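# A look at the structure
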Amino acid sequence: MNRIQTVFGILTLLSLSAAALAQDPQAIIREVQARAKSASQRYEGTLTVIEGTNKVTEKRWSFERIGSHGDSKSLLRFSAPAEVKGVALLVVNHPDRSSDQWMWTPAIGRERRIALQSRSQRFFGTDFSFEDLEERDIEQFDHRLLGEEQLEGADCWKIESKPRQGKVSQYTHSHVWVRKDNYVVVQIENFKKTELIRRAKYSNIQRVQNIWTAHNIEMFDAGRKSRTILVFEKLQYNLPMKDENFTIQAMRREP
Amino acid sequence: MRLFRLLSWPYLKRHVLRWTLTVAGIVLGVAVYVAMNTVNASVQGAFSDTVQQIAGATQLQVTSGEFGFEESVLERVQAVPQVDVAVPIIEATVDTSLPGEGTMLVLGVDMTGDTSLRDYSMESADDALIDDPLVFLAQPDSLMVSREFAARNRFEVNSKIPLHTAEGDKTFTVRGVMKSTGMNKAFGGSLAIMDIYAAQVVFGRGRRFDRIDIRAKDGVPVEECQKAVQEALGPGFEVGPPSSRTEHFAALMQSYTLATQVSSLFALVVGMFIIYNSFAIAVTHRRAEIGILRALGATQKQVRRIFLLESAVAGLAGSLLGAAIGMAGAQALASSMGNLTQQMVGVAQRTSEIVVNPWLLVAAIAFGIATSVIAAWIPARNASAVDPVQALQKGKYQVLSAGENRRRRMAAAILAVVSVGTLFFASWKPAFYAGYLLMIGAVLLLAPALTLLLARASRPLLRRILPVEGTLAADSLIQTPRRTSATVAALMLSLAMAMGFGGVTYSMRAAIDDWMTTALNPDFFMSPTANLVSRATTFPEEIGPLIESVPGVATVQLVRNARIMYRKVPVMVVSIESEKLRATAPRKPMEGNEEEMYRLAKAGKGAIISDAFQANHNLKLGDVLELPTPSGIIALPVAGIIRDYSDMQGALFIDRSVYVQNWKDTTVNLARVYVDKGENPDDVKQRIQKAIEGRQHLVILSNAEIREYVFGLVERWFSMSRVQIVVAVLVAVLGIINTLTVSITDRRRELGVLQAVGGLRMQVRRTIWLEALSIGAIGVILGIALGLLNIYYTLGMVRRDLGGLDLDYMFPMPMAVALVPVILIAAFIAALGPAEAAVRGSLVEALEYE
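So, how was this worked out
Residues numbered from 1 in each chain as written. Chains lettered and ligands numbered in written order. Predicted model: local features only at pLDDT ≥ 70, side-chain atom pairs only at ≥ 80, totals over all residues. Helix = DSSP H or I, 4+ residues; strand = E, 2+ residues; numbered from the N terminus. Contact = placed C-beta atoms within 7 Å. Buried ≥ 20, exposed ≤ 12 C-beta atoms within 10 Å, placed from the backbone. Axes fitted to C-alpha atoms, helices over the stretch in contact; angles between N-to-C directions. Parallel < 35°, antiparallel > 145°, perpendicular 65-115°, else oblique. Left-handed = near helix turned anticlockwise from the far one by under 90°. Nonpolar A, V, L, I, M, F, W, Y, C, P; charged D, E, K, R; others polar. Core = buried A, V, L, I, M, F, W, Y, C linked by C-beta atoms within 7 Å. Domains from an automatic or database assignment. Pairing = 2+ DSSP bridges. pLDDT = per-residue confidence, 0-100.

So, on to the overall build of chain B. When helices and strands are counted, chain B shows 28 helices and 20 strands. Here the contacts in chain B between residues at least 6 apart in sequence split such that 84% fall between residues at least 24 apart.

Below, the structure written as structure tokens:
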């Protein structure tokens, strides 16, 4: 989901010189981040999980974020189906360390902290992991340009991201494809050593309030052979939001 | 071998019944030995299996006794650099309302992280809604169940399961069926998984966890991780491998294990007497054959070998059959014994399968053979010493010579004197047990003489009852003390053992009755479950004042009890409102001053310990107890020692303020409720129920119900003594049948003559019956006499090694009175067959006999 977050914010088209950045992967990613930057974000998402056995489940949630890249807070609240309505997840991102995450289950009336050690676990039966929900800052990774490739007809840089020492991650490295024309991330492959763990594909890229934003993300779990498709609706940036709405107390409040 | 074929085989074929009875002695001993040990091993094995199966990849576990600890401890553990995964656990057994299911183990886990340690693979992705864990977490009624459990109850996803919880009877929904992994087999397959935060609510845990399961980081040795976590948490917590839970359970079961060992040994010793009796009789009966063999050149060694070989064969046959019967018995007993131990020690386990230990079977068969050979040793030696000339003189070898009698009495006197001497050193365990064995040895040596004495004493009485039959019966006993005394000795020993256990039960019942009258005197006891030893479910302390505000309620006392580790042994801590308790149920200390005891306890400057706790840990007044708590070690001096039976292993009492402060827990297990004088308890009960309705589900038990419950547990715990009475009866039947069978064979001519001169068949029958009743009566008299001594030693054994309970010596008169008709009826029944055999034989053959 950090990839989701990353992609949500990197779709701003700026006419910077691609050539000038081409040799510096750090600069490319910084530019991706800069173009995606917004003070806040809100959308309604539909999550469809397609199991390897073709069993399909669907959920809906609303999402709000305040802040950006490495210094943001987000609150995700499920709205359907009825069994999970009201369940919320609060993510507080930090620039220098992994995020803090809490979950709220209204039927029990309890919040629970998602331990750092649990971040590699699947996010509630989807093909995202809890770690994928983090919004990570460029400074937490080292980047290396692997080359240039065409993906879905678009020219892309293929960049390798490796977590820096001290950064806790289930992945040893990731391959990130960034479109040259708009600095939008269109694919991320996450690896554990040489084994592909997950692949995220970003599509239906539209310009929203001057930020190029993918409206579809398809996450593929290579181990389970299952897919999760996240579709964004009613996406808006830079809405007025309050910090106090991104606390454990706020999470407990029914909307 | 040729001699065995020539001498033993024809004899064996001619006396199938007698051999069957002989073998039955070994069958009995080995069967009880195998069954008791197998059940014991199975109960412990089931617990160990469950621990291992639910441990998954867990390498270490953090516990703080049964009280658990605050949630914040989890973050302290997760922050330890050597820890890779640390997840919280709540473990509880709950009663299901499902037919035939009984209790079920519910594991509360945090599904967001627990999959790192345990395999929750689902049975079928299509059916398993748990593949949507969000629904599982969002709905507090969610349960995952094992495939075995689902199959047994025909459950599938979305099926409903009724469970008794702290919130009353609640219905849960199956949201996943787990694949058949190792974990699924835990607790006999009756396993369910639920969300830990839902479990906190359902089991009244507040914001606490029972334990934390840990996996060390890759490359970090477990010992290093253990040390790091222990340092991070301090000495109030226990950090150890999952297997340490098994050790704790074994420690709790120690007294039970010892009791089963004693019982098994008793069964084997009894079996030994039956064998001895049979062979002693066989040697006497076959002396003519032995004489002929010896005259033909057989050596003494060869004759001895024949009998020892016979005994080995009998031992082998009896052992094999006994082992098979023992295993079958264990299978039948395992489940109920598992339930019993769960009720007694309050530790969840479920024994659905028996543990087949090949070494136990080998050992049992070896013991059986050895017992048989040892028992036959003296008869075999006597057989080898048979003088060929004397061999044809009937009855010679059934009479004890004056010299032999004198030697036996002398030896008995020496053993008795040494045994009495050991009483002066009885505080030293080996001296105590040596004295016990010497006392039994002395009585056994005296058995023939005492049998003869009592037989002679019974002659006038028997003659008065039935002049002819009575005299013949008494004379038969007097003339052949060797034939009778082994049976009497076996009966005496088994009755004495039964009396010993019965005496403990009797004393225990009296002591508990007294204890309940003084200590358990509230009108009501309120608990989240009807099972009072289940400490898994608690309720908030706020309920106490709520109950107290009900009109008619005089006072409410809150109790929280659970086990903690003290000196590496699980001990029961009971937190009490000491001042309130003193006002309603003051306890007189066995040691210490009552005023001072309660003052120190109330001030949090002392603990009150039970006599069993004192004995088990060798403590005295003023000794300082160092108790581990989540806040660290607290030091409490022993402020008083009281007689208490709250727990078999002993209990220590602390004030509730000390508990709340150090364990950071305000929950309650039990509320003791006193009703105002003049109030109708039933009316008050109804008002209480109304007051707590919707707030808290609590079971209200009356004082009478509690008494019944406690006595029920005691009765079940000592049900073993009833098993021993059954064994005693069996011994009586087997021994008496054996003795009478030989007696009739020996007296065949005599009985034939009796009939020839006009004796009626009924007179012969009555003679045999009276002989049997006399053996039974002598056995009962000597058994009760030895029982008087045995009770003393058994109580000593209980005080030393079976829980440290200091019980008063009490003679179980009702049991002794009950034993008389039971044994006499058994003796009479045993005599029916032989008596019929005696009157139905050919008179001509009988007269031609010998």
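Bringing the overall build of chain A into the picture now. Along its length, chain A carries 4 helices and 13 strands. Relative to its full complement of 255 residues, chain A shows a buried share of 45%.

Residue and element names in this part refer to chain B. As a packed pair, helix α15 (residues 467–479) and helix α26 (residues 761–801) sit with axes 8 Å apart at the nearest point and diverge in direction by 50°. One way to sum up the angle between α15 and α26 is to call them oblique. Of the two possible hands of crossing, α15 and α26 adopt the one that is right-handed. Along the contact surface, α15 presents V468, E469, G470, L472, A473, A474, S476 and L477, while α26 presents Q763, R766, T767, L770, E771 and S774. Of the residues belonging to the contact of α15 with α26, the class tally is 6 nonpolar, 5 polar and 3 charged.

So, on to the nonpolar core. Grouped together as the largest cluster of nonpolar side chains are 306 residues, with contacts concentrated most on V178 of chain A together with I214, M492, A607, L652 and A772 of chain B. If you tally residues by element for this core, the top one is helix α2 (residues 16–55) of chain B, at 22 residues. With sequence-adjacent residues up to four places away left out, A772 of chain B is seen in contact with I736, L740, A827, F828, A830 and A831 of chain B.

Moving on, we come to the packing of helix α14 (residues 429–465) of chain B against α26 of chain B. Two numbers describe a pair of packed helices, the interaxial angle and the distance between the axes. Residues and elements named next belong to chain B. Relative to each other, α14 and α26 sit at 160°, their axes nearing to 9 Å. Taken together, α14 and α26 sit at an angle that is classed as roughly antiparallel. Crossing angle aside, the handedness with which α14 passes α26 is right-handed. Contact residues: α14 offers K429, F432, Y436, M439, V443, A447, L450, T451, L454, A455, S458 and L462, while α26 offers L770, S774, I778, I781, L782, L786, L789, Y793, G796 and R800. Classifying every residue of the contact of α14 with α26 by side-chain character gives 16 nonpolar, 4 polar and 2 charged.

Residues and elements named next belong to chain B. Entries for chain B in the domain assignment read domain 1 (1–55 + 243–398), domain 2 (59–241), domain 3 (463–521 + 701–850) and domain 4 (540–697). Relative placement of domain 3 and domain 4: their C-alpha centres are 46 Å apart. When residues in the side of domain 3 that touches domain 4 are grouped by element, the largest group, 4 residues, is from helix α16 (residues 481–518). Within the side of domain 3 that touches domain 4, the residues separate by chemical class into 5 nonpolar, 5 polar and 2 charged.

Attention now moves to the sheet that holds strand β4 (residues 103–109) of chain B. Residue and element names in this part refer to chain B. Read across the sheet, 9 strands follow the order β6-β7-β5-β8-β4-β3-β10-β1-β11 without closing on themselves; strand pairing throughout is mixed. The open sheet is flanked by β6 (160–165) and β11 (238–240), the only strands paired with a single partner. Within this sheet the neighbouring strands show an average axis-to-axis angle of 35°, counted without direction. Across 5 bridges, β4 lies against strand β8 (residues 191–195) in parallel orientation. The residue of β8 that forms the bridge with V106 is A192.

Right, let's talk about the confidence of the model for chain B for a bit. Residue and element names in this part refer to chain B. With 88% of its residues at a pLDDT of 70 or more, chain B has an overall mean of 82. The low-confidence segment residues 124–129, where pLDDT is below 50, has 18 contacts with residues more than four positions distant or belonging to other chains. Predicted confidence is poor over residues 394–400, with pLDDT under 50, and the contacts of this stretch with residues over four places away or in other chains come to 15 contacts.

All names here are of chain B. Looking at the element boundaries, Q649 is found in the loop between β17 (632–642) and β18 (651–655). With 23 C-beta atoms counted inside 10 Å, the residue Q649 sits in the buried group. Counting along the chain gives 335 residues from Q649 to A314, while the straight-line C-alpha distance between them is 42 Å.

This part is about the interface of chain A and chain B. At the interface, 19 residues of chain A touch 22 residues of chain B. In the side of chain A that touches chain B, the residues fall into 7 nonpolar, 7 polar and 5 charged.

With that settled, the discussion passes to the pairing of β8 of chain B. Residues and elements named next belong to chain B. Burial analysis of β8 places 5 of its 5 residues in the buried class, which makes it a mostly covered element. In this sheet, β8 lies alongside strand β5 (residues 142–146) in antiparallel orientation, the contact comprising 2 bridges. Counterpart to M144 in the pairing with β8 is I193.

The next point concerns unusual backbone geometry. A cis amide bond links A80 of chain A with the next residue in sequence, P81 of chain A, at an omega value of 0°. The topology assignment puts P81 of chain A in the loop between β3 (71–80) and β4 (88–92). Although it is not a glycine, R154 of chain B sits at a positive phi angle of roughly 55°.

With that settled, the discussion passes to the sheet that holds strand β12 (residues 524–527) of chain B. All names here are of chain B. Overall, mixed pairing links the 9 strands, which are arranged β16-β17-β15-β18-β14-β13-β19-β12-β20 in an open sheet. On the outer flanks of this sheet lie β16 (624–629) and β20 (699–702), each paired with one strand and no other. Taking the axes of each pair of neighbouring strands and ignoring which way they run, one obtains an average angle of 30° across the sheet. Across the sheet, helix α19 (residues 594–602) touches β15 (607–610), β17 and β18, and the angle it forms with β17 is around 160°. Contacting β13 (553–566), β14 (569–576), β16, β17 and β18, helix α21 (residues 656–663) runs over the sheet at an angle of about 85° to β18.

Moving on to the environment of K677 of chain B. Residue and element names in this part refer to chain B. One can find K677 in the loop between β19 (670–675) and α22 (681–692). Judged by local crowding, K677 falls into the exposed class, with 6 C-beta atoms found within 10 Å. When the C-alpha positions of K677 and V553 are compared, they lie 9.3 Å apart, and in sequence the two are 124 residues distant.

What follows is about the pairing of strand β11 (residues 195–208) of chain A. Across a regular strand the side chains alternate sides, sitting on one face of the sheet and then on the other. Residue and element names in this part refer to chain A. In terms of strand pairing, strand β10 (residues 185–192) meets β11 through 6 bridges, oriented antiparallel. By the bridge assignment, K192 is partnered in β11 with E195. Hairpin connection from β10 to β11: 2 residues lie between these consecutive antiparallel strands, with K193 at a positive phi of about 55°. Judged from the 10 bridges that link them, β11 and strand β12 (residues 211–221) form a sheet pairing that is antiparallel. Opposite Y202, over in β12, you have I217 as the bridge partner.

Before going further, it helps to examine the confidence of the model for chain A. Residues and elements named next belong to chain A. Predicted confidence across chain A gives a mean pLDDT of 85, with 90% of residues reaching 70 or more. Taken element by element, chain A is modelled with least confidence in helix α1 (residues 2–9), mean pLDDT 40, and with most confidence in strand β9 (residues 173–179), mean pLDDT 95. Below a pLDDT of 50 lies the segment residues 1–21, which in the model reaches 63 contacts outside its immediate sequence neighbourhood of four places, other chains included.

Once that is clear, we can look at the environment of T213 of chain A. For T213 of chain A, the position within the fold is in strand β12. Considered as a pair, T213 of chain A and L235 of chain A are 22 residues apart in the sequence and their alpha carbons are 9.1 Å apart.

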